Amino acid sequence: MPAPTCASCHAARAALRRPRSGQALCGPCFCSAFEAEVLHTVVAGRLLPPGAVVAVGASGGKDSTVLAHVLRELAPRLDITLRLVAVDEGISGYRDAALAAVRRQAARWELPLTVVAYEDLFGGWTMDAVARSTAGTGRSRSCCTFCGVLRRRALEEGARLVGATHIVTGHNADDVAETVLMNFLRGDAARLARGGGLGSPGEGGALPRCRPLQFASQKEVVLYAHFRRLDYFSEECVYAPEAFRGHARDLLKLLEAARPTAALDLVHSAERLALAPAVQPPRPGACSRCGALASRALCQACALLDGLDRGRPRLAIGEREHRGGADVQGTRGRAQAAVQAAAAF
Amino acid sequence: MCQVGEDYVDPPPRECPPAPRPGRGQKCVKCKEGKPVVAVRAGDAFCRDCFKAFYIHKFRAMLGKNRLIFPGEKVLLAWSGGPSSSSMVWQVLEGLSQHSAKRLRFVPGVVYVDEGAVCGQSLEDRAKTLAEVQQILCSISFPWHVVSLEEAQMTSITWLLCPRSHLILHVARAHSYSKVMTGDSCTRLAIKLMTNLALGRGAFLAWDTGFSDERYGDVVVVRPMRDHTLKEVAFYNRLFAVPSVFTPAVDTKAPEKASIHRLMEAFVHRLQAQFPSTVSTVYRTSEKLAKAPRESCAEGPQGPRCLLCLCTLDIDAADSATAFGVQTSALSQMPPSTLQAEAGIPTTPCSAVGGGPGCCGKACGREGDSQPQVIKQLCYSCRANMKDLPSLDPLPPYILAEAQLRSQRAWVMQDIQEYLIKDSADEAETTES
């Protein structure tokens, strides 16, 4: 049976079917459509105004590689300039190889690259050291919690270093969908109230962040990288198997098998969640230690690092005797105690 | 469980120690006297009487704190034959009896929906089930109604898209019930929440899973069992011999939607086994949902409603990028008339329904072409479900008629817009926006 013709140019032979619609397209037409959709996301959402200096969180992985490539194509039309910012979490074996990929990309694209390391920013703490510290308590899964918080801080610092006005990350529709599922399963109402939009506008001096690939499905990101022959680093972080997100990811895969638009449906749901005012996070102030955005005396990064420094990594995360059954009051109480103790320092 | 506190601090997930069984020498944790028979939570074993009090209290508290049902009101109890709704009916029975402390004071009726036809049950099985049902119904003192699919002459489309609700509503309206009580348990609602989230119904979760659902206007649906887990229901029913009838699952013709529900159910039960507070966590989050329209909703809180699920439309074509995403994926498959409708270009609505007499002929010579008008009046998830249906099934006439009516009204309004003198209050609004 002969291959179908591209539904867009009606000339070339179709080389792929788009995962959501099943539409048959040739390589170049698919890439154009993908780029047009990212452009629409940015323009319709007014994410990156003309003149913006955009720090691209570059991990060397497929999402940030595609993001940087597409933004570079669109930069003249959007009138923005790009800077690559890579974060070195200090995960030996994994991060070194990824950073090598980022350096190659930066050279190929002729974009300035800045690397910020946890070790320098956070008083010598690398993720490997954090993992060792938390492993002692028998709770290795939580090192991903640390990494997420610290990476956002590191990205912010890197962006400021290069004089950026906006930060972009490569989160795709699947990532956002997984996050929504995860936040419901874990009861994180505050995050649900905050998130769902196209990123954060940047309160209290934090740089505005957005996710131009938010409506692109992961499969299409991979397809795009394939057709544009992009070089990226594709291994999973060594600590990833422990994270709770894995459950959300499994669920999303099951949902997509039943309905291909599942990720987009979840993103739509997230955009329209309405949470009671009581749940909304309080207006953030400034961290008493580093001045960054914080809803309490210490920002989350400082609180976590404080716990690490004092040899009690569980402190800020919420240590408690577990009887079975969740204990929200206990957690909150202990977290508050931890912050108060830290503030009294 | 991997559960977070109100602040952004994540407690580490932890496997729970195995639930201690009520052993010899242990006493009920509540009264410290009775022999424990039921472990409600890990480590909390209740004796029979304390468990009964705990269970009934939950039911009464749910009704009491919401204060939606007033004395003398007619309330229709939707009984499916299953454990949760059976337990609910039983609670109401006991609550109405003279000797119960603080008697319930509303006026109940029971409706049982015979889904045998849609289940593909054989005639003998249907008869057998119905006989069991009637035996139970005859033993209760308040009025009961049994309805089946054929009787109400509703088509299979409505059935598979809004299972049971339309039928029960019909009965409620016919007999002047102002409230309907459904037996959705905590577990069932947690699964429903996650399922509806995945179906794109994020905007309507508070109505879909909250205590009360006012979307039908004259009849309000309430869910008094929403604080009871399936486990508690099973314990209670067994300890106090609550009668129930086994009915097979509805074999819906919307395979995607049903399979999403099934796989979500399986997933939640699996996760619950590893993290025992999964269901209660999801339930607690559902309590924090608000019934609020989006602030930027163009039409305001009284905006147009979805034809099928009756919730305020959650798609504004202008700024929603997800609407864009759906459209781009569907553009290649829709006929040109639909594209026009989606783009907001007004097409004169035909005055006839589905190609009947008086039909203008060119715009909707076939029934299939009235689909675009209907689609425009559906919410995001109902649109997605429509695509799931076998394409040969026609839309029921009353839905097409409603769609026509709304389109015509909109068309007429547009025509005379320029001649309308706005109220000064309206003018002030438009100059400010």
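Residues numbered from 1 in each chain as written. Chains lettered and ligands numbered in written order. Predicted model: local features only at pLDDT ≥ 70, side-chain atom pairs only at ≥ 80, totals over all residues. Heavy atoms only, no water.

Trainee: Looking at this structure, I do not really get the overall build of chain A. What am I missing?
Mentor: In terms of helices and strands, chain A carries 14 helices and 10 strands. Across chain A, the fraction of contacts at a sequence separation of at least 24, relative to all contacts at a separation of at least 6, is 70%. (Helix = DSSP H or I, 4+ residues; strand = E, 2+ residues; numbered from the N terminus. Contact = heavy atoms within 4.5 Å.)

Trainee: Just checking my understanding: could you explain the overall build of chain B for this structure?
Mentor: Within chain B, the secondary structure is distributed over 18 helices and eight strands. Looking at chain B alone, contacts between residues at least 24 apart form 71% of all its contacts between residues at least 6 apart. Of the roughly 21100 Å² of accessible surface on chain B, a fraction of 56% belongs to carbon and sulfur atoms. (Areas by Shrake-Rupley, 256 points an atom, 1.4 Å probe, with all protein chains shown as cover.)

Trainee: Explain the pattern of salt bridges to me, please; I cannot follow it from the model alone.
Mentor: Pairing of side chains with opposite charge becomes possible as their charged atoms draw close. Residues and elements named next belong to chain B. Scanning the model with the defined rule gives 25 salt bridges over all chains in all. The partner of K52 in a salt bridge is E94, with the nearest N and O atoms 3.8 Å apart. Residue K52 is located in helix α1 (residues 48-66), and its partner E94 is located in helix α2 (residues 83-96); the two are separated by 42 residues in the primary sequence. Residue classification places E94 among the partly exposed positions, given a relative accessible area of 30%. Across the pair D208 and R215 runs a salt bridge, and its minimum N-O distance is 2.6 Å. The same class applies to D208 and to R215, which are both buried. Where salt bridges share partners, they join D184, R201, D208, D213, R215 and R223 into one cluster. (Salt bridge = Lys/Arg side-chain N within 4 Å of Asp/Glu carboxyl O. Buried < 20%, exposed > 50% of the residue type's maximum accessible area, 1.4 Å probe, protein only.)

Trainee: It is not clear to me how helix α6 (residues 143-161) of chain A should be interpreted in this structure. Could you clarify?
Mentor: In an α-helix, one turn spans 3.6 residues; hence positions three or four apart end up facing the same way. With 19 residues, α6 of chain A ought to run about 27 Å at 1.5 Å a step, and its terminal C-alpha atoms sit 26 Å apart, in line with that. Just beyond α6 of chain A, the residue with positive phi is G163 of chain A, at close to 70°. (Expected span 1.5 Å × (residues − 1).)

Trainee: For this particular structure, what's the right way to read the sheet that holds strand β8 (residues 220-222) of chain B?
Mentor: In any sheet, the strands associate via hydrogen bonds between backbone groups, in a parallel or an antiparallel arrangement. Pairing in this open sheet of six strands is mixed, and the strands run β5-β4-β3-β6-β8-β7 (chain B) from one edge to the other. Looking at which strands have only one partner, the edges of the open sheet turn out to be β5 (144-148) and β7 (212-213) of chain B. (Pairing = 2+ DSSP bridges.)

Trainee: Got a minute to help me understand the packing of helix α2 (residues 62-78) of chain A against helix α9 (residues 218-227) of chain A in this structure?
Mentor: For any two helices packed against each other, the geometry comes down to the angle between their axes and how far apart the axes lie. All names here are of chain A. At a minimum axis distance of 10 Å, the contact between α2 and α9 shows a crossing angle of 65°. In this structure, the crossing between α2 and α9 has a hand that is left-handed. Here K62, D63, V66, H69 and V70 of α2 come into contact with α9, specifically with Q218, V221, V222, Y224 and A225. Looking at the contact of α2 with α9 residue by residue, the classes come out as six nonpolar, two polar and two charged. (Axes fitted to C-alpha atoms, helices over the stretch in contact; angles between N-to-C directions. Left-handed = near helix turned anticlockwise from the far one by under 90°. Nonpolar A, V, L, I, M, F, W, Y, C, P; charged D, E, K, R; others polar.)

Trainee: Would you mind going over unusual backbone geometry with me for this structure?
Mentor: With the exception of glycine, the majority of residues adopt a negative phi angle, and the majority of peptide bonds are in the trans configuration. All names here are of chain B. Even without glycine at this site, A241 takes up a positive phi of about 50°. What makes A241 exposed here is its relative accessible area of 58%. A positive phi angle is found at L310, which is not glycine, with a value near 65°. Assignment of secondary structure puts L310 in the loop between α12 (278-287) and α13 (321-331). Given the relative accessible area of 24%, L310 is considered partly exposed.

Trainee: Where do I start with the state of the cysteines in this structure?
Mentor: Residues and elements named next belong to chain A. Evaluation of the coordinates by the stated rule reveals zero disulfides over all chains. With no disulfide of its own, C9 lies closest to C6 among cysteine sulfurs, the gap being 3.7 Å. With relative accessibility at 33%, the residue C9 sits in the partly exposed group. Here C237 is not cross-linked by a disulfide; its sulfur's nearest cysteine counterpart is in C147, at 6.5 Å. (Disulfide = S-S within 2.5 Å.)

Trainee: What should I look at first to understand the domain arrangement of chain A in this one?
Mentor: The parts lose accessible area when they come together, and the size of an interface is often stated as this lost area. According to the domain assignment, chain A consists of domain 1 (27-274) and domain 2 (284-314). Domain 1 of chain A and domain 2 of chain A are separated by 23 Å when their C-alpha centres are compared. (Domains from an automatic or database assignment.)

Trainee: It is not clear to me how empty space enclosed by the protein should be interpreted in this structure. Could you clarify?
Mentor: With a probe scaled to a water molecule rolled over the atoms, the places where space remains empty come into view. Residues and elements named next belong to chain B. Applying the stated criterion to the full structure yields six cavities of 30 Å³ or more. Here the second largest cavity is characterised by a volume of approximately 90 Å³. In terms of lining, the second largest cavity is formed by W79, S86, V89, W90, L93, V110, I136, L137, I140, V242 and P243. At four residues, α2 tops the list of elements feeding residues into the lining of the second largest cavity. By residue class, the composition of the lining of the second largest cavity is 10 nonpolar, one polar and no charged. (1 Å grid on protein atoms, 1.4 Å probe; cavity = no way out; pocket = protein on both sides within 12 Å on 5 of 7 lines; lining within 4 Å. Points joined across faces, edges and corners; volume = space filled by probe spheres on them.)

Trainee: Is there a simple way to explain a nonpolar patch on the surface in this structure?
Mentor: Residues and elements named next belong to chain B. A surface patch of nonpolar side chains, amounting to about 480 Å² of accessible area, comprises V412, M413, I416, Y419 and L420. Following the sequence through the fold, L420 ends up in the loop between α17 (397-416) and α18 (424-432). The class of L420 is partly exposed, set by a relative accessible area of 40%. (Patch = residues over 30% accessible without salt bridge, like charges linked within 9 Å, V, L, I, M, F, W, Y side chains within 5 Å.)

Trainee: Please clarify how the pairing of strand β6 (residues 179-182) of chain B should be interpreted in this entry.
Mentor: Consecutive side chains of a regular strand alternate in pointing toward one face of the sheet and then the other. Residues and elements named next belong to chain B. Burial along β6 is two-sided: K179 and M181 and V180 and T182, pointing in opposite directions, are all buried. Relative to β6, strand β3 (residues 74-79) is paired through four bridges, and the arrangement is parallel. Residue L77 lies in a different strand from β6, and its bridge partner there is M181. Looking at chain direction, β6 and β8 are connected through three bridges and run parallel. Directly across from M181, in β8, lies its bridge partner V222.

Trainee: Would you take a moment to explain the packing of aromatic side chains for this structure?
Mentor: Within a pair of aromatic rings, the relevant descriptors are the distance that separates the centres and the angle that separates the planes. Applying the stated criterion to the full structure yields 14 aromatic pairs over all chains. An angle of 70° between the planes, with centres 5.3 Å apart, marks the rings of Y118 of chain A and F122 of chain A as edge-to-face. Taken individually, Y118 of chain A and F122 of chain A each receive the classification buried, so the pair is uniform in this respect. Between F51 of chain B and Y55 of chain B, the ring centres sit 5.9 Å apart and the planes meet at 45°, which makes this aromatic pair tilted. (Phe/Tyr/Trp six-rings, centres within 6.5 Å; stacked < 30°, edge-to-face > 60°.)

Trainee: Sorry, what's going on with the environment of L266 of chain A here?
Mentor: All names here are of chain A. By secondary structure assignment, the location of L266 is in helix α11 (residues 262-271). L266 gets classed as buried once you look at its relative accessible area, which sits at 0%. In the structure, L266 is positioned 40 residues away from H226 in sequence and 26 Å away in space, judged by C-alpha atoms.

Trainee: Hey, could you run me through the pairing of strand β4 (residues 81-88) of chain A in this one?
Mentor: Residue and element names in this part refer to chain A. Pairing geometry for strand β3 (residues 53-57) and β4, over five bridges, is parallel. Across the sheet, the residue bridging to V56 is L84, located in β4. As for the winding sense of the linkage, the β-α-β connection from β3 through α2 to β4 is right-handed. Two strands pair when backbone bridges link them, and β4 and strand β5 (residues 113-117) are joined in this way by five bridges, in the parallel orientation. Note that in β5 the partner of A86 across the bridge is V115. As for the winding sense of the linkage, the β-α-β connection from β4 through helix α3 (residues 94-109) to β5 is right-handed. (Right-handed = clockwise from strand over helix to strand, strands pointing away.)

Trainee: Whenever I open this one, the environment of S217 of chain A confuses me. Can you help?
Mentor: Residues and elements named next belong to chain A. The topology assignment puts S217 in the loop between β8 (209-210) and α9. Classification of S217 by relative accessible area gives buried; the value is 5%. Sequence-wise, S217 and G307 are 90 residues apart; in three dimensions their C-alpha atoms are separated by 38 Å. Apart from the residues lying within four places of it in its own chain, the contact partners of S217 are P19, R20, A173 and D174.

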